[in-house]
Amino acid sequence: GFHRFGAVRRNAGNQNVAVSRNEVLIERTDIVASAILGLTAGCARCHDHKIDPILQKDYYRLQAYFSATQEHSVLLLPPAERAPFEAKWKPLNTQLDELRGMLENLQGADRQRVTREIRDLEATLPPAPPSILSIRNEPAKRTPIHVLKRGDWDNKGEPVAPRPPTVLVSDDLPELPADTAAPRTALARWLTTPAQPLTARVAVNRVWQSLFGTGLVETPEDFGTRTPVPLHQDLLDWLAVDFMENGWSQKHLVRALVSSRTYQQSSRA
């Protein structure tokens, strides 16, 4: 569900399409690292992580799972109305994409002229129907992913392809092909494999925090080497394994916690 709905960026003021695209890829990568893996990988965008063993190369390998992902709106229209709308909307939107792409290489009067063309063309777009914001893989629009020197989009280093962070897998695990058909599915499968229990630990810790006020790990988005150790490591591990063995069911997890003697104790001293 998370990989189906985000993140996207709609910023009409930023006409630099390549930079906006980079910002979207950064946001998706950082959210997966912190919210799902509990790793503050963001600073590895510019250099090897100074505290945790996360390589800059691994940051962009993680980003490569999203290289073909583009925004896609699911129109809430009856089938009979959807085709006429798309027949009018798609050619205009294709033309807008071409004009916005031209802006990156224009300056002065030429840039102002194309900006006016974009504004005039946007005014002719038919009113947008209700829709559900989503994303999907579009291989033809895949963004080649490179290690960016100092995180600068215009300073590209070696190309990389999808692969989990080295600290969490075998050193000899190869990268996936850059044009893998379903990269986000491959990432989701790795995130939820029993051989990679960090995802489950982060998930149960969040549920514990929501019920008890403080997580077993006090920093729910940072399970790094410099954070406080878990208040009860064995309990965290047991809950993570039980969570996976019961189909990643949050209902099962919540029931187990709220029916425990620990949860039913009084909060009064």
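Let me begin by describing the structure that accompanies this report.

About the thresholds
Residues numbered from 1 in each chain as written. Predicted model: local features only at pLDDT ≥ 70, side-chain atom pairs only at ≥ 80, totals over all residues. Heavy atoms only, no water. Phe/Tyr/Trp six-rings, centres within 6.5 Å; stacked < 30°, edge-to-face > 60°. Helix = DSSP H or I, 4+ residues; strand = E, 2+ residues; numbered from the N terminus. Buried < 20%, exposed > 50% of the residue type's maximum accessible area, 1.4 Å probe, protein only. Lys NZ or Arg CZ within 6 Å of the ring centre and 35° of its normal. Contact = heavy atoms within 4.5 Å.

**Quick word on the packing of aromatic side chains**
Then, number 1: Scanning the model with the defined rule gives 5 aromatic pairs in all.
Then, number 2: The interplanar angle of 15 degrees and the centroid separation of 6.3 Å between the aromatic rings of F85 and W89 together place this pair among those described as stacked. Here the residue F85 and the residue W89 both occupy positions in helix α3 (residues 79–102), the gap between them amounting to 4 residues, near one helical turn.
Then, number 3: An angle of 65 degrees between the planes, with centres 5.3 Å apart, marks the rings of F243 and W248 as edge-to-face.
Then, number 4: Under the relative-accessibility criterion, F243 is labelled buried at 4%.
Then, number 5: Accessibility expressed as a relative area gives 27% for W248, which makes it partly exposed.
Then, number 6: One aromatic cluster in this structure is built from W208, F212 and Y263.
Then, number 7: Here the guanidinium or amino end of K156 rests over the ring plane of W153, the centre of that ring lying 4.3 Å away.

**Quick look at the side chain of N205**
Then, number 1: Mapped onto the elements, N205 comes out in helix α6 (residues 198–212).
Then, number 2: Setting aside its immediate chain neighbours within four residues, N205 contacts G215, L216, V217, P220, F223 and L236.

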